[in-house]
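Given next are the chains, with one letter for each unit.
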Amino acid sequence: MPLLSVQNLSKHFGGLHAVEDVSFNVEPGERLAIIGPNGAGKTTLFELLSGTLLPSRGRIHAFGKEITTWAAHRRVSLGIGRTFQITNLFFNLTVLDNLLLALGTEGAVRFDLLRPMSSYHRLYEKGREILNRWNLWERRNVPVRSLSYGEQRLLEITLTLSQDRPLLLLDEPTCGLSPDEAKNFVSMIRSFPRDITILLIDHDMDVVSEIAERIMVLHFGRVMALGPPEEVRRNPRVQEIYTGRGYEPA
Amino acid sequence: MRRHLPFVGIAFLLVSLIACPLFVDAYYTGLLTLILIFAVFAMSLDILQGFMGLPSLGHAAFWGTSAYVVAILNVKIFKGCHFGVELPAAILAAALVAAVLGLIVLRSRGTYFMMILVASSMMLWGIAFKWRSLTGGDDGLPGVSRPDLGFLGLDLGKTTHYYYFVLLFFALSALLMYLVVRSPFGRTLLGIRESETRMAALGYHVWLQKYVAFIVSAVFAGLAGMFMAYYNGYVSPSELHLVTSAEALIMVTLGGAGTLFGPAIGAVVIILIKNIVSAYTEHWMIILGVIYMVTVMLAPEGVYSLLERSLRKGAKT
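Here is a short report on the structure shown in this document.

Basis of the calculations
Residues numbered from 1 in each chain as written. Chains lettered and ligands numbered in written order. Predicted model: local features only at pLDDT ≥ 70, side-chain atom pairs only at ≥ 80, totals over all residues. Contact = placed C-beta atoms within 7 Å. Helix = DSSP H or I, 4+ residues; strand = E, 2+ residues; numbered from the N terminus. Nonpolar A, V, L, I, M, F, W, Y, C, P; charged D, E, K, R; others polar. Buried ≥ 20, exposed ≤ 12 C-beta atoms within 10 Å, placed from the backbone. Pairing = 2+ DSSP bridges. Axes fitted to C-alpha atoms, helices over the stretch in contact; angles between N-to-C directions. Right-handed = clockwise from strand over helix to strand, strands pointing away.

**Here we look at the interface of chain B and chain A**
Counting residues at the interface gives 22 residues for chain B and 31 residues for chain A. Residue contributions to the side of chain B that touches chain A peak at 7 residues, all from helix α8 (residues 184–194) of chain B. Per-class residue counts for the side of chain B that touches chain A are 10 nonpolar, 8 polar and 4 charged.

**Observations concerning unusual backbone geometry**
Residues and elements named next belong to chain A. A positive phi angle, close to 55 degrees, is found at Asp21, a residue other than glycine. Residue placement: Asp21 occurs in strand β2 (residues 16–26). Taking the C-beta count within 10 Å as the criterion, Asp21 has 14 such neighbours and is therefore assigned partly exposed. The phi torsion at Phe220 lies on the positive side, around 50 degrees, for a residue other than glycine.

**Looking at the sheet that holds strand β6 (residues 80–82) of chain A**
Residue and element names in this part refer to chain A. Reading across from one edge, β6-β7-β8-β3-β9-β10 is the order of the 6 strands in this open sheet, with mixed pairing throughout. In this open sheet, the two strands that pair with only one neighbour each are β6 and β10 (222–227). Sheet twist, expressed as the mean angle between neighbouring strand axes with direction ignored, is 15 degrees. Direction of pairing for strand β3 (residues 31–35) relative to strand β9 (residues 214–219): parallel, over a ladder of 4 bridges. Each bridged residue has a counterpart across the sheet, and for Ala33 the counterpart in β9 is Ile215. Against the sheet, helix α1 (residues 42–50) engages β3, β6, β7 (167–171), β8 (197–201) and β9, with an angle of about 150 degrees to β7.

**Considerations on the pairing of β8 of chain A**
All names here are of chain A. Counting buried positions along β8 yields 4 of 5 residues, so the element is predominantly enclosed. As defined by bridge partners, β3 adjoins β8 across 4 bridges and the pair is classed as parallel. Bridging across to β8, Arg31 finds its partner in Ile198. Inspection of the sheet shows β7 paired to β8 by 5 bridges, in the parallel sense. Bridged to Leu167 within β8 is Thr197. Following the chain from β7 across helix α7 (residues 179–190) to the adjacent parallel β8, one finds a crossover that is right-handed.

Below is the structure:
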């Protein structure tokens, strides 16, 4: 049974068909990349999967449940984590506080009104371990707004990864990273255990080909190609989009 | 030494507050009582405004409702004070109003949130104004008697004794609110202030966190309103009016939103101006306005941050 199954998903904003009749399955442990030109509907598709937007038509199943109309936070509890294309962090809080918010989502913690946060040693220890792993421990007391852009992108991903959700939606995680940083990121994603399933949006065909087993090309909201990287690269219509010839709305 | 500075500061403040009535006359003791009551009111608003990022112009709804519930029980039903009933009734009334209003207002943010709250709190004002048989209309409800703590050797009718009673309430409320904003729950409010979408993406039911915070904040506002009713011995529709809400908002902004103790300083400033400057000129609002503008322009983070910064500088050198 697929881990994620999307059937005939559409999202219309007035006359704009941002996502139109998109269907695909994702198997457990798979890494699927979604590419396409600007405005192709990639991020809108992620918004639909994560529950920030509700679809105009179609259905979404994940982990054997229909989640089409579920609120965003329920989908996260079910196991779908996401990162944002435009860095979305708690900018006036410190790095450590950002991470503690990510780690403290269990019901008992979030509704604890009287114990100080610092008494949650288990969360602190986990936070330290994670920040050490990402070389952010030294920066733990720095407000996130004062981090470099690269560090912010790193934290953006770290927050989501720290929650150990089995299905990750990564929206242009390498956006704005230097080539070196991007390379590090790619090797990190490749080192993930296979019990984590990843959907990844990216512009960079090379990044995508290194990570993903399958690539889905979106164009004007529709699926234009879906298959292994070599096959997608050879697809003449994909080549047309990427070389900029014969641009025609579907 | 620096680590102990806050505790030394708090101990010093508490001792001064306890000693105060020995050095000032009854008028100023009464004024201090008023300041402490408003301090709790403003601090409760800060939970919404500073920590959760939802400035409210309807906070008087909780303060006023509790005050009225206490006054109605006190004057109309018991013909005297039954503190054991009135205290839980005040808490319940504020929580109930917040639970109902929260269902409506927490769907919106920013200006819309503010306007819907203004409208709802002014509806309560309208009820208090019109429902003459229950609330006394614009005459209000006079004759609210204070709790009888004779068994503790306290006569709350005396200004000084009532002051200590309110001081105890202030200290407990400040401590509880401090614990709340430091708790993991308090952190989630900061997270909501910074980014609701990220909170949702981390798996938080943002609305529910807000709803709980809204009710917690309302309960403290309601408790303060109850102490106000006892203080004045009288409740009138003005307790529910927009002006009362605005006063709290100015206290929070002036003192420093998101600092919890800053709004208490704001309460000191505004109550003093209102009561002392108004003795000399009826244009005291102008002076308040100027102070407010100067603060917003020179210390937009409020008086508290200014004090904190200069204290820290002092500790370093």
